[in-house]
Amino acid sequence: MPTISFADSSMTIDVEAGSALIDACEENGAPVEFSCTVGACATCIISIEEGADNVNAPDGDEISCASSRTDVAGARLACQITVNGDITVRYLG
Ligand code: FES
């Protein structure tokens, strides 16, 4: 069972493999904010500090939206992520 950790918090969340990161965050009050929930606003901008290979790859729209919000390499949109293994997330919003 994958564990989601948050770099700025002691919170950890255990989820089923294949779970949507947004659902895990919203159900547990995690320190990541969401707005549009469809990958268009970048409110949910994060970096994955550990386990970047344990989530789905970004599509071109996500890369474009994320890069419009931050220069951090590998930044992702939390509302577009499927969790397949352990990850550590830092909210960049
Ligand atoms: S909540 Fe808008 S891009 Fe994720």
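A brief look at the structure comes next. Quantities reported herein were computed from a predicted structural model and do not represent experimental measurements. (Residues numbered from 1 in each chain as written. Predicted model: local features only at pLDDT ≥ 70, side-chain atom pairs only at ≥ 80, totals over all residues. Heavy atoms only, no water.)

1. Things to note about the environment of Ala 78
Phase 1 of the analysis: Inspection of the secondary structure assignment puts Ala 78 in the loop between strand S5 (76-77) and strand S6 (82-83).
Phase 2 of the analysis: Placed 49 residues apart in sequence, Ala 78 and Gly 29 show a C-alpha to C-alpha distance of 14 Å.
Phase 3 of the analysis: Residues in contact with Ala 78, not counting those within four places in the same chain, are Leu 21, Ile 22, Val 32, Phe 34, Cys 44 and Ile 46. (Helix = DSSP H or I, 4+ residues; strand = E, 2+ residues; numbered from the N terminus. Contact = heavy atoms within 4.5 Å.)

2. Description of the sheet that holds strand S7 (residues 87-91)
Phase 1 of the analysis: Read from one edge of the open sheet, five strands run S2-S1-S7-S4-S5, paired in mixed fashion. Across the chains shown, the open sheet's two edge strands, defined by having one partner strand only, are strand S2 (12-14) and S5.
Phase 2 of the analysis: In this structure, strand S4 (residues 45-50) lies alongside S5, joined through two bridges in antiparallel fashion. Each bridged residue has a counterpart across the sheet, and for Ile 46 the counterpart in S5 is Arg 76.
Phase 3 of the analysis: In this fold helix H1 (residues 21-28) packs onto strand S1 (3-6), S2, S4 and S7, with an angle of close to 65° to the strand it touches most, S1. (Pairing = 2+ DSSP bridges. Axes fitted to C-alpha atoms, helices over the stretch in contact; angles between N-to-C directions.)

3. Re helix H2 (residues 60-69)
Phase 1 of the analysis: Here H2 has its buried residues at Glu 62, Cys 65 and Ala 66. Viewed end-on, H2 has its buried residues packed into an arc of 95°, placing them on one side of the element. What points out from H2, more than 90 degrees from its buried face, is the exposed set Gly 60 and Ser 68.
Phase 2 of the analysis: Its buried side turned inward, H2 meets S4 and S5. (Buried < 20%, exposed > 50% of the residue type's maximum accessible area, 1.4 Å probe, protein only. Arc of directions from axis to C-beta.)

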